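A look at the structure
If you want the building blocks of each chain, they are given just below.
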Amino acid sequence: MAETTLAPPEVQAETLLDSNELVLNMGPQHPSTHGVLRVILKLDGETVLGTDCVIGYLHRGVEKIAENRTFQQFAPYVDRMDYVAAVSNGLGYCMAVEKLLDAEVPPRAQAVRVILTELNRIASHLLWLGTHALDIGAITPVFLCFREREEVLKIFENYCGARLTTHAFRIGGLQYETYDTFEKQCLDLCDLMEQKLKEYHDLLTGNRIWVRRTKGVGILNAADCKDYGVTGPLIRAAGIEWDLRKAQPYCGYENYDFDIPTAETGDTFDRYMVRMEEMVQSCRIIRQAVDALPEGPIKGKVGKVIKPPPGEAYVSIEAPKGELGYYIVSDGSLNPYRVRVRPPSFVNLGALDKMCRGSLVADVVAIIGTIDIVLGEVDR
Amino acid sequence: MANLINTFLLTDLLKGLWTTFKNQKPSKVVTEQYPLNRPPVAERYRGAPRLNTHPETSETLCISCNLCALACPEQLIVVTSERNPETKRKDLTTFTYDVSRCMFCGLCEDACPVDALELTQDFELATYTREGQIWDRQMLEEGPLPVRYTH
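Residues numbered from 1 in each chain as written. Chains lettered and ligands numbered in written order. Predicted model: local features only at pLDDT ≥ 70, side-chain atom pairs only at ≥ 80, totals over all residues. Heavy atoms only, no water.

A few points about the interface of chain A and chain B
Contact with chain A, which involves 31 residues of that partner, is made by 25 residues of chain B. Considering only the side of chain A, the residues that lose the most area to chain B are Gln73, Asp202 and Arg208 of chain A, jointly responsible for 24% of the buried surface there. Between the two partners, chain A and chain B, sit 3 salt bridges. The interface formed by chain A and chain B includes 18 residue pairs in polar contact (both at pLDDT 80 or more). (Contact = heavy atoms within 4.5 Å. Buried area = accessible area lost by both parts, 1.4 Å probe. Salt bridge = Lys/Arg side-chain N within 4 Å of Asp/Glu carboxyl O. Polar contact = N/O pair within 3.5 Å; in protein donor to acceptor, adjacent residues only side chain to side chain.)

Here it is as structure tokens:
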């Protein structure tokens, strides 16, 4: 990656005067960098010769905070990494600690976990769709997407009392039992989504502006995806059927019947189609899980004081943005010795330079949007 | 051929515009006029903390066990108590809760063995001073004064 690192301005000044190259800062306060991402663009006219990401503007030291908190106390902090998909973060963290403890999670708790994470996937993809379309210039989808996302957030609010930073799961199971109309609300949401996805397709899929702005933009082929460690919808859009829910099923995903949507070329349009189809598949999973919601306890046999034996555990789940991994080392005390997070957006952002080279400045906006980054997770 | 017609008549754009137009109906408006109409929050909503008292005797339910303070990730709860020589129990003297640092995770509420500490549905916590965010026992028991908006 050394060739992409740009020299400081004073070194470049002379060479820049001779050439037509221009170094342009994009961000950190740019409305379409999805937060505080700063991209240094090296341009030749409108063409991007190279990019350099500057991250860390939202660094809060979450991994270090973990070392000063008990295992239960750290659970609310993981929601604040990928705040768009807080439930998935909570699931990954809880599963990693459960692996350390060797604790069993009751089937009912697992089914509710699946329902909530799939709802979160829909919410995350809806937010992505709205903001991505807004970046490219379609204003309407963001209003429609936020309207439907509101319905998902209402379920979260009814279930656990919070809309965004949910803290829905606890180590060993769940804290809250489902409420009376939980099943009905989930099924209603699935019906609503199927109806509304048609509207989104009407707005975008056939639209010539959308197609021209996304087709053939930011291509990342299968080999490059593997080289960069890219996961999630990006690798599926490149044609590789890689989904941790199928590859190494967790939380009872092996019991649900769903497909992995894939596409071929791996451009921005394909990633859009993959994510749209993922929302349909999420609805399918939610329906099956709600229909077969088992009765029983919601919390496994986990003591009030969580003190895992010395050891280490790595658990990765399929978050809306890709493979989300938690690596936890325990030294047998109340606090984790070390927590390391493998955030999907951080790894996916690494492929930005590869996708941007040779494209236009306006396409950089589309490419940043299509990676679906959340800077809270990139910087942690 | 179909593509050519599409190019001249811009059917795809009209389709999108029609979708936009369909959502313009006043009955489909989802905006909430917030200060005028308060949205109902969920039953389990985690908002302003409250220290419950006995409904009849109005004595505090808190047994000063300090479990909430231990459960809190931000360590923002301070409970002090003194031993009552007659009943041999701890009597609560002060209870401080720093709302400005609270992230409403609900761990204190879960830890409370007697349901004394509770996160209520009140969500309007803005104050003009930082000091106003540190709630003492009286504030926690009586709750913040209701705010009325005039405009």
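Here we look at the nonpolar core
Residues and elements named next belong to chain A. Counting residues in hydrophobic clusters, the biggest one holds 83 residues, and the most contacted among them are Tyr93, Ile115, Leu116, Leu119, Ile122, Tyr159 and Tyr326. Per element, the largest residue contribution to this core is 14 residues, and it comes from helix H5 (residues 107-136). Residues within four places of leucine 116 in sequence aside, it is in contact with Val87, Phe156, Tyr159, Ala168, Phe169 and Phe182. Counting residues in hydrophobic clusters, the runner-up holds 28 residues, among them Leu43, Ile235, Leu352 and Ile368. (Core = buried A, V, L, I, M, F, W, Y, C linked by side-chain atoms within 4.5 Å. Buried < 20%, exposed > 50% of the residue type's maximum accessible area, 1.4 Å probe, protein only. Helix = DSSP H or I, 4+ residues; strand = E, 2+ residues; numbered from the N terminus.)

What to know about the packing of aromatic side chains
Residues and elements named next belong to chain A. This structure, assessed with the given rule, holds 14 aromatic pairs over all chains. With centroids separated by 6.1 Å and ring planes inclined at 45 degrees, the aromatic side chains of tyrosine 159 and phenylalanine 182 adopt a geometry described as tilted. Taken together, the positions of tyrosine 159 in helix H6 (residues 140-160) and phenylalanine 182 in helix H7 (residues 182-205) put the pair 23 residues apart, joining distant regions of the chain. Ring plane angle 70 degrees and centroid distance 5.2 Å describe the contact between tyrosine 250 and tyrosine 253, whose orientation is recorded as edge-to-face. For tyrosine 250, a relative accessible area of 8% puts it in the buried group. The aromatic ring of phenylalanine 269 is capped on one face by lysine 215, whose charged end is 4.6 Å from the ring centroid. (Phe/Tyr/Trp six-rings, centres within 6.5 Å; stacked < 30°, edge-to-face > 60°. Lys NZ or Arg CZ within 6 Å of the ring centre and 35° of its normal.)

Things to note about the environment of phenylalanine 182 of chain A
Residues and elements named next belong to chain A. Classification of phenylalanine 182 by relative accessible area gives buried; the value is 0%. As a C-alpha pair, phenylalanine 182 and isoleucine 155 span 27 residues in sequence and 7.3 Å in three-dimensional space. If near-sequence neighbours (up to four positions away) are discounted, phenylalanine 182 is found in contact with Ile115, Leu116 and Ile155.

Remarks on the sheet that holds strand S3 (residues 90-98) of chain B
Hydrogen bonding along the main chain pairs the strands of a sheet, whether they run parallel or antiparallel. Residue and element names in this part refer to chain B. Reading across the sheet, the 3 strands line up as S2-S3-S5 and stay open at both edges, with antiparallel pairing between neighbours. Each edge of the open sheet carries a strand with a single partner, namely strand S2 (77-83) and strand S5 (134-135). Here S2 runs beside S3; their pairing, made up of 7 bridges, is antiparallel. When the sheet's bridge partners are listed, threonine 80 is paired in S3 with threonine 94. (Pairing = 2+ DSSP bridges.)

Describing the side chain of glutamate 278 of chain A
Within the secondary structure, glutamate 278 of chain A is located in helix H12 (residues 268-291). On the basis of relative accessible area, glutamate 278 of chain A is assigned to the buried category, the value being 1%.

Describing the side chain of aspartate 372 of chain A
Relative to the assigned elements, aspartate 372 of chain A resides in the loop between helix H15 (361-371) and helix H16 (375-379). Apart from residues no more than four positions distant in its own chain, aspartate 372 of chain A is found in contact with Ser124, Trp128, Arg275, Lys321 and Ser345 of chain A.

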